[in-house]
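What the coordinates show
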Amino acid sequence: MSILALITGKTGPSGFGSASTAEQVTDGINANNLTAIVTGGASGIGLETSRVLALRGVHVIIGARNLKAANEAKEIILKDNGAARIHVLKLDLCSIKSVNEFVKNFKALNVPLNILINNAGIMFCPYQVSQDGIEIQFATNHLGHFHLTNLLLGNMKITASSTGIQGRIVNLSSIAHLHTYDEGIRFDKLNDKKEYSDKKAYGQSKLANLLHANELSRRLQEEGANIIVNSVHPGLIMTNLFQYSGFVIRALKVLTFLLWKNVPQGAATTCYAALHPSMKDITGKYYLDCNEMKPSKHARNDVLAKQLWDFSNKLIKSIELS
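Note that the coordinates shown come from a computational prediction; the quantities given were computed from them, not determined experimentally.

Moving on: the side chain of N155. Mapped onto the fold, N155 is located in helix α6 (residues 136–163). The contacts of N155, once residues within four sequence positions are left out, are F106, K107 and L113.

Right, let's talk about the side chain of H212 for a bit. The topology assignment puts H212 in helix α7 (residues 198–223). Every residue in contact with H212, bar those within four places of it in the chain, is listed here: H142, H145, F146, T149, N171, L308 and W309.

Our focus in this paragraph is the pattern of salt bridges. Summed over the entire model, instances satisfying the criterion amount to 15 salt bridges. Of the charged contacts in the structure, one is a salt bridge between E72 and K68, with a shortest N-O distance of 2.7 Å. Placement of the pair is E72 and K68 together in helix α4 (residues 67–80), with a separation of four residues, close to one helical turn. Across the pair E222 and R218 runs a salt bridge, and its minimum N-O distance is 3.3 Å. Here R218 and E222 lie together in helix α7, a separation of four residues that amounts to about one turn. Overall, the relative accessible area of 64% leaves E222 in the exposed class. A cluster of three or more residues bridged by salt bridges with shared partners is formed by E183, R186, K189 and E195.

Of all hydrophobic cores here, the largest spans 53 residues; its most connected members are F102, L148 and I185. Breaking this core down by element, the ones donating at least two residues are α5 (96–108), α6, α7, β6 (227–233) and α11 (302–321). A total of 10 residues in this core trace back to one element, the largest contributor, which is α6. Once residues within four sequence positions are removed from consideration, L148 is found in contact with T39, L91, L93, V99, F102, V103, L116 and N118. Of all hydrophobic cores here, the second largest spans 40 residues; its members include I45, V58, V232 and A273.

A separate point is helix α3 (residues 44–55). Relative to the 16 Å expected for 12 residues at 1.5 Å per residue, α3 spans 17 Å between its end C-alpha atoms, a close match to the ideal helical length. Residues I45, G46, L47, E48, T49, S50, V52, L53 and A54 constitute the buried set of α3. G57 sits one or two residues past α3 and shows a positive phi near 100°.

Here strand β5 (residues 167–172) lies mainly inside the structure; six of its six residues are buried. Alternating residues of β5 divide into G167, I169 and N171 and R168, V170 and L172, and every residue in both groups is buried. Considered for its hand, the β-α-β crossover made up of strand β4 (residues 115–118), α6 and β5 is right-handed. Sheet topology note: the β5/β6 ladder contains six bridges and is parallel.

What counts and what doesn't
- Residues numbered from 1 in each chain as written.
- Predicted model: local features only at pLDDT ≥ 70, side-chain atom pairs only at ≥ 80, totals over all residues.
- Heavy atoms only, no water.
- Helix = DSSP H or I, 4+ residues; strand = E, 2+ residues; numbered from the N terminus.
- Contact = heavy atoms within 4.5 Å.
- Salt bridge = Lys/Arg side-chain N within 4 Å of Asp/Glu carboxyl O.
- Buried < 20%, exposed > 50% of the residue type's maximum accessible area, 1.4 Å probe, protein only.
- Core = buried A, V, L, I, M, F, W, Y, C linked by side-chain atoms within 4.5 Å.
- Expected span 1.5 Å × (residues − 1).
- Right-handed = clockwise from strand over helix to strand, strands pointing away.
- Pairing = 2+ DSSP bridges.

Following this line, the structure appears as structure tokens:
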């Protein structure tokens, strides 16, 4: 995707481009028979994703750390769409215990699961560790979603098998995956405060989202599961993700204003990957502006993807045993 295409909104092979909105890319789709989980669905592009999915008939479960904000988001959606089916459940992705509780509460709803959108995230945080003792951006953006996805795979497989409808998992990555540490993922220095870079740590977590999607896609294909897994970059959007970025990013926005999207445009690629018929059977890909893009060399490294998978599983086991 060229800079010119980003500025002009020129469409790609999918028929959509950077100017397309979530409503436009899902226009005419009836998804009344689908159920989706959207993490971080209380604000920003997560809220818009939840709103548009509900508009198309999807039963949406919003997983959010802030239940007050999530319930306010639910009311916003219901105000414009009284027929919307929305549930709100507590989910703190930087806590493995909270992820376990969320899955337990979701299963108690006794509903199918067709779509999982791993949307929630934090960005450019000062160095800190999660309550499980893991660097906070890696813990929230990758590890929590990795564990959540693994715990929900059984539900998704059963739903896909019993309904014949292909399940879809969407990981929100970022073009920031290009800007990570030299080795890609710092397995041995994950919590190294001395060499910590808030920007590279964010890039590392977004690379992890891509690698996770690719390895999961490979594994599901290998076992013949009817579930696709893809990664998306939503684009440059000024949301509350930028709470830690301060003056520099805000000044950058002024200088590069033509490249920035509004929230409805930012949610478009997620909604496209989650609902559009043309995505059927497409898996293990990376999308920007509703069109496939080639990710970084690290993101295409199958050995690194498997290493991350094994590392993440061991990390979660050690947390649960502690």
